[in-house]
Amino acid sequence: MQFILYTDKTVQQCMNALHERMQAKGSSSRPELHGWIEKNGHFSLAVTSSVFGRLHRTTRMSGAALRENGSTVIRGYVSDGVSPQWQKILAGVLVVVCVVLLFSGQAVLGLSALLVGGAAYVPMRGDYNNSEILLMELERTLKASPKPSKKPGTTSAPRPAKPAVVRPAVAKAGAGKPAAKGVSNKSVAARPAVAKPAAAGAKKK
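Note that the structure is a prediction, hence the values are computed from the model and not measured.

A. Region of the structure containing the side chain of S49. Along the chain, S49 turns up in strand β3 (residues 42-52). Classification of S49 by relative accessible area gives buried; the value is 16%. Here N130 takes part through its side chain, which lies 2.4 Å from a polar atom of the side chain of S49. In this structure, S49 is in contact with L55, H56, R57 and N130, ignoring residues within four places of it in sequence.

B. A look at the nonpolar core. Core analysis: the largest hydrophobic core is formed by 21 residues, its most contacted members being F3, F43, M61, I74, L138 and L142. Taken together, the elements giving at least two residues each to this core come down to β1 (2-7), α1 (11-23), β3, β4 (55-68), β5 (71-78) and α3 (107-142). In contact with F43, other than residues within four places in its own chain, are M15, L18, W36, I37, M61, S62, G63, A64, A65, I74 and L138.

C. Representation of the layout of surface pockets within the structure. One number sums up the size of the second largest pocket: a volume of about 150 Å³. Along its surface, the second largest pocket is lined by Q87, L90, A91, L94, V95, G117, G118, A120, Y121 and M124. Where the lining of the second largest pocket is concerned, the elements lending two or more residues are α2 (84-103) and α3. A breakdown of the residues in the lining of the second largest pocket according to their chemical character gives 7 nonpolar, 3 polar and no charged.

D. Representation of the pairing of β3. The pairing of strand β2 (residues 34-37) with β3 spans 4 bridges and is antiparallel. Note on β3: the bridge partner recorded for W36 is S44. Hairpin connection from β2 to β3: 4 residues lie between these consecutive antiparallel strands, with G41 at a positive phi of about 110 degrees. Pairing of β3 with β4, which is carried by 10 bridges, proceeds in the antiparallel orientation. By the bridge assignment for β4, F43 is matched with G63. Linking β3 to β4, which pair antiparallel, is a turn of 2 residues; within it G53 sits at a positive phi near 65 degrees.

E. Spotlight on the sheet that holds β5. Taken together, 5 strands build an open sheet; the order of strands is β1-β5-β4-β3-β2 and the sheet is antiparallel. Among the strands making up the open sheet, the edge pair consists of β1 and β2. Across this sheet, the average inter-strand angle for adjacent strands is 20 degrees, counted without regard to direction. Of the strands in this sheet, β1, β2, β3, β4 and β5 touch α1, which is tilted by about 155 degrees from β2. Across the sheet, α3 is in contact with β1, β3, β4 and β5; its angle to β4 comes to roughly 35 degrees.

F. Seen up close, the confidence of the model for the chain. Per-residue pLDDT for the chain averages 78, and the proportion of residues at 70 or more is 73%. Under a pLDDT of 50 for its full length, residues 153-158 has, in the predicted model, 0 contacts with residues more than four places off or in other chains. Here residues 198-205 scores under 50 on pLDDT; set against residues more than four positions off or in separate chains, the count is 0 contacts.

G. Representation of the pattern of salt bridges within the structure. Under the defined criterion, the tally for this structure stands at 5 salt bridges. E137 is the partner of R30 in a salt bridge, and the nearest nitrogen-oxygen pair spans 2.7 Å. In this pair, R30 sits in the loop between α1 and β2 while E137 sits in helix α3, placing the two residues 107 residues apart along the sequence. Using a relative accessible area of 3% as the deciding quantity, one classes E137 as buried. Put simply, R57 and D127 hold a salt bridge, and the shortest N to O gap is 2.9 Å. In this pair, R57 is assigned in strand β4 and D127 in helix α3, connecting sequence segments 70 residues apart. Of the residues examined, R57 reaches a relative accessible area of 27% and is grouped as partly exposed. Linked by salt bridges that have partners in common, R21, R30, E137 and R140 make up one network.

Rules used throughout
- Residues numbered from 1 in each chain as written.
- Predicted model: local features only at pLDDT ≥ 70, side-chain atom pairs only at ≥ 80, totals over all residues.
- Heavy atoms only, no water.
- Helix = DSSP H or I, 4+ residues; strand = E, 2+ residues; numbered from the N terminus.
- Buried < 20%, exposed > 50% of the residue type's maximum accessible area, 1.4 Å probe, protein only.
- Polar contact = N/O pair within 3.5 Å; in protein donor to acceptor, adjacent residues only side chain to side chain.
- Contact = heavy atoms within 4.5 Å.
- Core = buried A, V, L, I, M, F, W, Y, C linked by side-chain atoms within 4.5 Å.
- 1 Å grid on protein atoms, 1.4 Å probe; cavity = no way out; pocket = protein on both sides within 12 Å on 5 of 7 lines; lining within 4 Å.
- Points joined across faces, edges and corners; volume = space filled by probe spheres on them.
- Nonpolar A, V, L, I, M, F, W, Y, C, P; charged D, E, K, R; others polar.
- Pairing = 2+ DSSP bridges.
- Axes fitted to C-alpha atoms, helices over the stretch in contact; angles between N-to-C directions.
- pLDDT = per-residue confidence, 0-100.
- Salt bridge = Lys/Arg side-chain N within 4 Å of Asp/Glu carboxyl O.

Structure below.
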């Protein structure tokens, strides 16, 4: 199972907190953790718990802490096993298979299936319980959460848009000058053509 957590601690503070947590002795409420950490933010945590009687299971978590957008992001992986509901379903299927094999005369094969199912039950249940413990201890130690924290004052209201300033049109040069004296602004009407007089001495026909 992959996970992502967010915390306000720096990477160095996270590594120091994990180191102190691994140095603490185990108790009934907080089990002992062991593993390793690196200065660059990579770490590995492991926890061991009892599954059934003297059968124990060790589950390991690996991850890395990186600084992103003002907060530390922890990304990692841990085996989450099988939920109790699916454990019951798989156990029922295993019992049915073993009974069928026994009644079919294959007692050795049925016994082998029972042993294999019992061996698989240990990591399925152990990883399910241990993954919850590791994630809980990681969140508690680093004060981390699956949701990114929102610091007050980081978000600002959008500024209102400035009103558009409409400037008056500027008249072109010469457009507002008064017309010269004697010149009308109106277009001059076309004058009719005047016929020239005939040359002197020309005879009339």
